[in-house]
Amino acid sequence: MVNDILRKIPSTNEILEHHKIKELVNQRSRIIIKDVINWATNNFRDKIISNSYQRQDDLKKEDIYNLIIDEVIRYVNSSDRKRLTRVINGTGVILHTNMGRAPLPKRAIDKINDVATSYCNLEYDLTTGKRGSRYDSVEELLIKLTGVESALVVNNNAAAVFLCINTLALNKEVIVARSEQVEIGGSFRIPEIIERSGAKMVEVGTTNKTYIKDYKNAISEDTRILLKVHKSNYKIEGFTNEVSGEELVKLANEKEIISVEDLGSGVLLDLQNFNLPYEPTVMDQVKKSLDIITFSGDKLLGGPQAGIIVGKKEFIEKIKINPLTRMVRIDKMSLIALQEVLNIYIENKNIKQNIPIIDMLTKTTKTLLQEANIFKKMIKAKLGNKIDINIIEEEDAPGGGSLPGVALNGFSLAISSNKLSPNELQNRLRENEIPIICKIKNDEIIISMRTIDRKDYEIIIDAFLRLL
Ligand SMILES: *Cc1c(COP(=O)(O)O)cnc(C)c1O
């Protein structure tokens, strides 16, 4: 019986003749698809032999042929889903940690295209014709922008914090408030980072209140760093007390120890100019004379993934020669992008137009409502009664470890159809060639106007047309 079925399994060549498989071969390559066919055929054979297929007896050759072809198509599609691809973020979360945080400015990409497709002077000094430093160009820009003495850029902010502690407090003590023992994104946890950096964490204060005397009492001969950490993704409310950067700097100076602040998102603009709550800028913190400040390149700065360390030359020089710095160094493409983004800030004009994160963060409700009306009309014109759309007020979020507790008033489209349930609609949009990610609320899918772009409108409409 089993042998009868095994005899009906089509050959690889027969399967390659099917029109859908031919299409896959055209899109990819014969070798890849042949591999998948072999895998699917073997899979099927194993199932038959181990008797894990029901109704084996009535399987016709044609059924087997179709089963294997379906399996091949499913496999190729699902492996495509794992490749990095562009998505449309309809969630209204701007710095979406799962969607790559900050989309890069076009100018940064153009610069990468210009510089990285050739050789470049990454570590070559064009004045002397000798070896140069990969950090020079960006260091100069950071000094100009923030008024620091010195700067260094590494792979990400986690690495920046790690390097500071490892360089300046190895086998010594780092004092940090209990209320600032942050966990970001599940894997960056201050206590663990300090421990792995080779230092001992000394915690002070209580969950809600910390005073300067707590730090003072905890200082010992072994203390090297007073560390302040930005509460990037939570807020402590009610009866609270927190020690300011100024107080910390004063104490550190008295005791000749180093003040370090992990600032998290590192915004360079005064967000109050856009009717947003005050968020300390890098410049504000530099003015408080902290010895070292670290922040991310791809949060509110709106650039590539990077960890930026700014501060006093004496300490930055030590970090530069730590052998571990090489292990977390920034690659040339990120460096080129960061250079261009910093240039945009230095030019100090058209920042909103040039940096997508800043643009999305500062969109007014008036603009969002206008866009919602335009987009709604466009959808209605193409889909008519097949779709039900309302414009609703819905809060958006800065996301990604920035501006904790801040909600942004915004507008979303709430969409439903009697053909597909909200869950089905949400899933099918996610399966679109350019996946469209949206939320569900009150039995409707909702698409935020803040995190989508005009160039996405047609793509979303085409997806609806195909589905409905
Ligand atoms: C985001 C964040 C980090 C981690 O930064 P990465 O650039 O993701 O490595 C560290 N500390 C704080 C306070 C943060 O907000």
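As the structure is a prediction and not an experimental result, all values here were calculated from the model.

Draft legend 1. Looking closely at the layout of surface pockets. In this structure, the second largest pocket encloses a volume near 600 Å³. Residues belonging to the lining of the second largest pocket are distributed by class as follows: 11 nonpolar, eight polar and eight charged. Counting only domains with at least three residues in the lining of the second largest pocket, you end up with domain 2 (88-98 + 360-467) and domain 3 (106-351).

Draft legend 2. Expanded view of the pattern of salt bridges. On inspection of all chains with the given rule, the structure shows 32 salt bridges. With its nearest N and O atoms 2.9 Å apart, the salt bridge here joins Glu123 to Arg134. With Glu123 in the loop between helix H6 (106-116) and strand E2 (124-125) and Arg134 in the loop between strand E3 (130-131) and helix H7 (136-146), the pair connects residues that are 11 residues apart, well separated along the chain. By relative accessible area, which is 24% here, Glu123 ends up partly exposed. Ionic pairing is found between Glu180 and Lys228, a salt bridge with its closest N-O pair at 3.0 Å. Of this pair, Glu180 sits in the loop between strand E5 (173-177) and strand E6 (183-184) while Lys228 sits in strand E9 (residues 223-229), placing them 48 residues apart in sequence. Taking relative accessible area as the criterion, Glu180 reaches 2% and is therefore assigned buried.

Draft legend 3. Quick peek at the domain arrangement of the protein. Partitioning the protein into structural domains gives domain 1 (2-81), domain 2 (88-98 + 360-467) and domain 3 (106-351). Centre-to-centre separation of domain 2 and domain 3, based on C-alpha positions: 35 Å. Taking both sides of the interface into account, the surface hidden between domain 2 and domain 3 amounts to around 1,000 Å²; carbon and sulfur atoms contribute 79%. Contact with domain 3 buries surface across domain 2, with Gly401, Leu403 and Pro404 losing the most and accounting together for 46% of the total. Applying the counting criterion to the domain 2 and domain 3 interface returns zero salt bridges. Looking at the side of domain 2 that touches domain 3 residue by residue, the class counts come to six nonpolar, five polar and no charged.

Draft legend 4. A look at the sheet that holds strand E8 (residues 200-204). Strand order in this open sheet of seven strands is E4-E12-E11-E10-E9-E5-E8, and the pairing throughout is mixed. Because the sheet does not close on itself, it has two edges, and the strands there are strand E4 (150-154) and E8. Going across the sheet, the axis of each strand differs from the next one's by a mean of 20°, ignoring polarity. Bridge count between E5 and E9: four bridges; the pairing is parallel. Along E9, the bridge assignment pairs Val174 with Ile225.

Draft legend 5. The site of the ligand, seen in detail. Not every one of the 14 residues close to the ligand is listed here, only the nearest: Arg101, Ser232, Asp262, Ser296 and Lys299. One nitrogen or oxygen atom from the side chain of Ser232 is found 2.5 Å from an oxygen atom belonging to the ligand. Take Asp262: an N or O atom from its side chain is 2.6 Å from a nitrogen atom of the ligand. Protein burial of the ligand: of its 380 Å² of free accessible surface, 95% is covered by the chains.

Draft legend 6. Fine view of the nonpolar core. Formed by 66 residues in total, the largest nonpolar core has its most connected members in Ile165, Ile225, Leu227, Ile292, Val310 and Tyr345. Of the residues forming this core, the biggest block, eight residues, is contributed by helix H15 (residues 332-347). If we ignore the near neighbours within four places in the chain, the residues touching Val310 are Val148, Ser150, Ala151, Val282, Val286, Asp291, Ile292, Ile293, Phe295 and Ile316. Residues Phe375, Leu429, Tyr457 and Ile459 belong to the second largest nonpolar core, which totals 28 residues.

Thresholds, definitions, all that
- In every chain, residue numbers begin from 1 and rise along the written sequence.
- Restriction of local features to residues with pLDDT of at least 70 applies here, the model being predicted, together with a cutoff of 80 or more for giving and counting side-chain atom pairs; totals for whole chains, interfaces and linings are based on all residues.
- Values shown for side chains rest on all heavy atoms present in the structure; no hydrogens or waters enter the calculation.
- Lining residues are defined by having an atom within 4 Å of a point belonging to a cavity or pocket. Those points lie on a 1 Å grid over the protein atoms alone, cavities being sets where a 1.4 Å probe fits but cannot get out and pockets being open sets with protein on both sides within 12 Å along at least five of seven lines.
- Grid points are joined across faces, edges and corners, and a volume is the space filled by probe spheres set on the points.
- Residues are sorted three ways: Asp, Glu, Lys and Arg are charged, Ala, Val, Leu, Ile, Met, Phe, Trp, Tyr, Cys and Pro are nonpolar, and all the rest, Gly among them, are polar.
- Domain start and end points were adopted from an automatic or database domain assignment.
- Every case where a carboxyl oxygen of Asp or Glu lies within 4 Å of a side-chain nitrogen of Lys or Arg is listed as a salt bridge.
- By definition, any uninterrupted DSSP run of H or I lasting at least four residues is a helix, any uninterrupted run of E lasting at least two residues is a strand, and each is numbered from the N terminus.
- For the exposure calls, accessible area comes from a 1.4 Å probe over protein chains only, and a residue counts as buried if that area is under 20% of its type's maximum, exposed if over 50%, partly exposed in between.
- Buried area is calculated as the accessible area (1.4 Å probe) missing from two parts once they are joined, with the contributions of both summed.
- The criterion for strand pairing is that DSSP finds at least two bridges linking the strands in question.
- Every angle, taken between N-to-C directions, lies between 0 and 180 degrees, and every axis is a line fitted to C-alpha atoms, over only the stretch in contact when it is a helix.
- By convention in these notes, a residue is near a molecule or strand provided one of its non-hydrogen atoms lies within 4 Å of it.
- Whenever two N or O atoms come within 3.5 Å, that pair is a polar contact, provided that in protein one can donate a hydrogen and the other can accept it, and provided that, for residues adjacent in sequence, both atoms are side-chain atoms.
- Note that accessible areas follow from Shrake-Rupley with a 1.4 Å probe, and for residues the cover is restricted to the protein chains shown.
- To qualify as a nonpolar core, a set must consist of buried Ala, Val, Leu, Ile, Met, Phe, Trp, Tyr and Cys residues joined through side-chain atoms within 4.5 Å.
- In this description, contact between two residues means that some pair of their heavy atoms is separated by no more than 4.5 Å.

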